[in-house]
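So the chains spell out like this:
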Amino acid sequence: MNQSQQCKLIPGSMALPVLEKKGDIILGGLFSLHDMVVEPTLPFTSSPPPDQCTRFNFRTFRWMQTMIFAIEEINRDGKLLPNITLGYRIYDSCSTPHQALKAAMELVGSEKSSGVEGETQSKGTCRGTVPAVIGDGGSTQSLVVARFLGVFHVPQVSYFSSCSCLSDKKEFPAFLRTMPSDFFQVDALVQLVMHFGWTWVGVIAGDDAYGLGGANIFANEVRKLGACVALHEVIPKNRAQTTLSSIVSKIRSSGARVILVFAVEQDAVALFDEALRHDLEELTGIQWLASEAWSTAAVLSTPKKHHRILQGAMGFAIRRARIPRLQDFLLRLHPSSPHALADPFLIPFWEEMFQCSLGVQAEGQEHNVEGKPPCSGAEDLGSVTNIYSDVSQLRISYNVYKAVYAIVHALKAMRSCVKGNGSFPQQACPDADNIQPWQLLHYIKLVEYLNSFGDDIKFDENGDPAAMYDLVNWQLRPDGEMEFVTIGKFDETTTGGKQKLQIQEHIIVWNGNQSKIPLSVCSICPPGTRKAIRPNFPICCLDCVICTADAIECVRCLPEFWSNTERTACIPKQVEFLSYSSTIGITLVAISLIGSFCTSVVAFIFSCHRATPIVKANNSELSFLLLFSLTLCFLCSLTFIGRPTEWSCMLRHTAFGITFVLCISCLLGKTIVVLMAFKATLPGRNVIKWFAPAQQKAIITLCTLVQVIICTVWLVVAPPTPRQLMQRKSNLVILLCEEGSPVAFALVLGYIGLLACLCLVLAFLARKLPDNFNEARLITFSMLIFCAVWIAFVPAYISSPGKYSTATEVFAILASSYGLLGCIFVPKCYIILLRPEKNTWKRLMSKAATNKC
């Protein structure tokens, strides 16, 4: 349609009701102040009557008043546009596309002269009276208006149209919005569904561009992520009861416990009103997800009849703000005010608000005074609490506010253009006194500023703002009123690896006043069953077949579970470790404590007889150190008993290695002393001075220090750790300590073996020395027992299953410890206690002399 054709359409059309205020620059406004248009019966014998709009919407009327408030605030402040007065022309689109198109045509295609209603200018130009239009609210209306305004490049800034289709700049070149695109809202809803693990979700859409577009994108996205759509229904615009009843029945039969309603508030009201007519018990357990169009709609939250169904509902809402002085501005309205006669929308608003009649019919509005008493004139908006005067949830109103300021900032930038530094060809600046819409459109696209609420206002290449939502939860207060509690947020601009969706789960109240996250899946197969495809159902719906011998496929139990006797369920495996409460554990503990007690008794006996020859002759200091190390050997076996932990695993192997090295080092010292003592008696030998007590202690310290260094490096580099040994074919979970580093473990054992072999060789060489000075035979026997025990330990340890391998290791520790204690100290205790006549220096010296002869 060209401009000349468009100009011919306007004079013959009937003027629509308009709220108008003159100014230097006029901004257009489109608001759906009524929810529908009455369709009259046409006789086709006369011209059709004017369209009658019905069902006044208080929420949208507040949006319109917010636009007027923002314009008057700018005029009053005077900083953004000094010496310039803004005016407005506002039309009611009645929530219908054709009504919105009529209003847009009047905004663009006519210019009223001298304020005389109905008189149109018949010049050869088609320049409209407004350089920009704010509106419309609904996406369906905006689609029609945007196509029309795009032809003339008249900028349109919508405050509530969120259809992602409007981001197409080829089709809608002049469309911008302060409302995020549904693409981002759907992204947020999909992330919400995935966050709570809901894989069986129902989708109900409104029959318009907003509902159909958003619901289709959501359904496609959740399917990509592995979830399934339980049902996908559409609420008809005529809200036929039979269709709505069918939708409710399908919700009940689908089995889905999470339902997304992607629709405008009028469609959502029709759906939930129909739901109230059905069995509430089957619907109260459903978790409703709301699209932003009704996520904070008072028309649903205020009537208490909806509370039982919608309590616990959640949805995303655009960011809200508290606009100072707006409430006082809203409450200023009164039919007796000087400007009331010029406002065609005040009369239906007042009559609907107070359910009374002013006796005046507004042009183009349905005026039905039947059953309504006349207004008294004493009515006061301040005495009524409803969605119009409620400024606690200023979300769309805030969008309107931002839209006005975005256009004004563009006008400011346009008027501040410096010649030679402009954005247009030849670096020319626009004529500030003759604003062309296409020039203003250019500047609106470049708008970027920080408003008084701290929000960064700008448009991307598609004319969309940054997507930021509040996640709200419908919670009932103790007084029975519904409250919108913010439980999280979604910020599309989040970067740096942070989550876009943030939720405070601890403050969520789910449907039915529950604190547990509802489960919405098509089927859950318990352990012990196999999944089978259910014919003619989505992939999320499976039949659970009991796992029997002839089953084609069975569910494998997790490693820590074992199937029961019937193989129908997975039960936890028995945990096995060498515990203190088991018979073998009690036995080993008793043997360990007895061994340490016997060692202490021997130490006590030696302490009481430390002045006797037999104790002195066998190096009493090394004897006491050997007894101390044997006590530690007995006690270290206790670390192998009990549930393996990180500390016990590190302690058991290091304690075992160090104590046994200390013990064998003492025996090695004794053997060297005996051998060197005999060598020192030979003429010309002065070897004994190199093996004095200080040198003996140094040998023991050096030998033990090597093992301490090995164990320290082991613990630092790769320490032993507890481990669960879970074999598929075993019903036991074996708890054991993993060495961490096999090399370090081998070094510890190898070093013990090296010292034991060295001690055995030296003791064997000294076995024929005089008996009274000689412990070599006793050490030889003890080392033979020690080596025999640990050589037998290796195959026994490898072949022992589960906790018995640990018991085998403990047994080897105790057996070798008892061998050392018995072979070295029992003969001496026998002489000390039972044959004291042999424990004399005379006896020892005479025996030594006999051996020399």
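Calculation criteria
Residues numbered from 1 in each chain as written. Predicted model: local features only at pLDDT ≥ 70, side-chain atom pairs only at ≥ 80, totals over all residues. Heavy atoms only, no water. Core = buried A, V, L, I, M, F, W, Y, C linked by side-chain atoms within 4.5 Å. Buried < 20%, exposed > 50% of the residue type's maximum accessible area, 1.4 Å probe, protein only. Helix = DSSP H or I, 4+ residues; strand = E, 2+ residues; numbered from the N terminus. Contact = heavy atoms within 4.5 Å. Phe/Tyr/Trp six-rings, centres within 6.5 Å; stacked < 30°, edge-to-face > 60°. Lys NZ or Arg CZ within 6 Å of the ring centre and 35° of its normal. Expected span 1.5 Å × (residues − 1). Pairing = 2+ DSSP bridges. Axes fitted to C-alpha atoms, helices over the stretch in contact; angles between N-to-C directions. Disulfide = S-S within 2.5 Å. Right-handed = clockwise from strand over helix to strand, strands pointing away.

Draft legend 1. Representation of the nonpolar core. Among the nonpolar cores identified, the biggest contains 112 residues, and Met 67, Phe 218 and Phe 349 are the most heavily contacted of them. Examining the composition of this core, we find that 13 residues originate from one element, helix α13 (residues 396–415), more than from any other. If we ignore the near neighbours within four places in the chain, the residues touching Met 67 are Leu 27, Gly 28, Gly 29, Phe 31, Tyr 88, Ile 90, Ile 134, Val 400 and Val 404.

Draft legend 2. Molecular detail of the packing of aromatic side chains. The full count for this structure, using the stated rule, is 38 aromatic pairs. Judged by centre distance (5.0 Å) and plane angle (20 degrees), the ring pair of Phe 31 and Tyr 159 falls under stacked. In this pair, Phe 31 is assigned in strand β2 (residues 25–31) and Tyr 159 in the loop between β7 (156–158) and β8 (175–177), connecting sequence segments 128 residues apart. Take Tyr 159: its relative accessible area is 0%, and that puts it in the buried class. Both rings, one in Trp 63 and one in Phe 160, keep their centres 5.2 Å apart while their planes meet at 70 degrees; by these two values the pair is edge-to-face. Of this pair, Trp 63 sits in helix α2 (residues 58–77) while Phe 160 sits in the loop between β7 and β8, and the two are 97 residues apart along the sequence. In this structure, Trp 63 and Phe 160 share a single accessibility class: buried. Among the aromatic side chains, those forming a connected cluster through ring pairs are Phe 69, Phe 329, Tyr 398, Tyr 401, Tyr 405 and Phe 453. The ring of Phe 329 has Arg 332 sitting right over it, with the charged end atom 3.7 Å from the ring centre.

Draft legend 3. Geometry of helix α17 (residues 620–636). The end-to-end C-alpha distance of α17 is 24 Å, a good match for the 24 Å that 17 residues give at a rise of 1.5 Å each. Buried residues of α17: Leu 622, Ser 623, Leu 626, Leu 627, Ser 629, Leu 630, Thr 631, Cys 633, Phe 634 and Cys 636, and no others.

Draft legend 4. Broad picture of the sheet that holds strand β13 (residues 314–318). Spatially, β10-β9-β11-β12-β13-β16-β17-β18 is the arrangement adopted by the eight strands of the open sheet, whose pairing is mixed. Bordering the open sheet on either side are β10 (228–235) and β18 (501–503), each of which pairs with just one other strand. Each neighbouring strand pair of the sheet contributes to a mean axis angle of 25 degrees, computed without reference to strand direction. Note that strand β9 (residues 200–206) and strand β11 (residues 258–262) share five bridges and pair parallel.

Draft legend 5. Structural detail: the state of the cysteines. Using the criterion set out here, one finds six disulfides in the structure. Two residues, Cys 163 and Cys 165, share a disulfide whose sulfurs are 2.3 Å apart. Here Cys 163 and Cys 165 share a disulfide; its torsion about the S-S bond, 125 degrees, makes the bridge right-handed. Among the residues examined, Cys 165 registers a relative accessible area of 29% and is labelled partly exposed. Covalently, Cys 228 is tied to Cys 540 through a disulfide, its sulfur atoms 2.0 Å apart. Torsion about the S-S bond of the Cys 228 and Cys 540 cystine: about 85 degrees, corresponding to right-handed handedness. Placement of Cys 228 in strand β10 and of Cys 540 in the loop between β19 (529–533) and β20 (542–546) is noted, with a sequence separation of 312 residues between them. Each of the two residues, Cys 228 as well as Cys 540, counts as buried. With no disulfide partner, Cys 633 has as its closest neighbouring cysteine sulfur the one in Cys 663, 4.8 Å distant. Looking at the unpaired Cys 757, the closest cysteine sulfur is the one in Cys 787, lying at 5.2 Å.

Draft legend 6. Quick look at the pairing of β9. Counting buried positions along β9 yields seven of seven residues, so the element is predominantly enclosed. Of the two faces of β9, the one holding Trp 200, Gly 202, Ile 204 and Gly 206 and the one holding Val 201, Val 203 and Ala 205 are both buried throughout. Both β9 and β10 contribute to a ladder of seven bridges, which runs parallel. Its bridge partner being in β10, Ile 204 is matched across the sheet by Glu 233. Handedness of the crossover is the feature at issue here: the chain leaves β9, passes through helix α6 (residues 209–224), returns alongside β10, and the resulting connection is right-handed.

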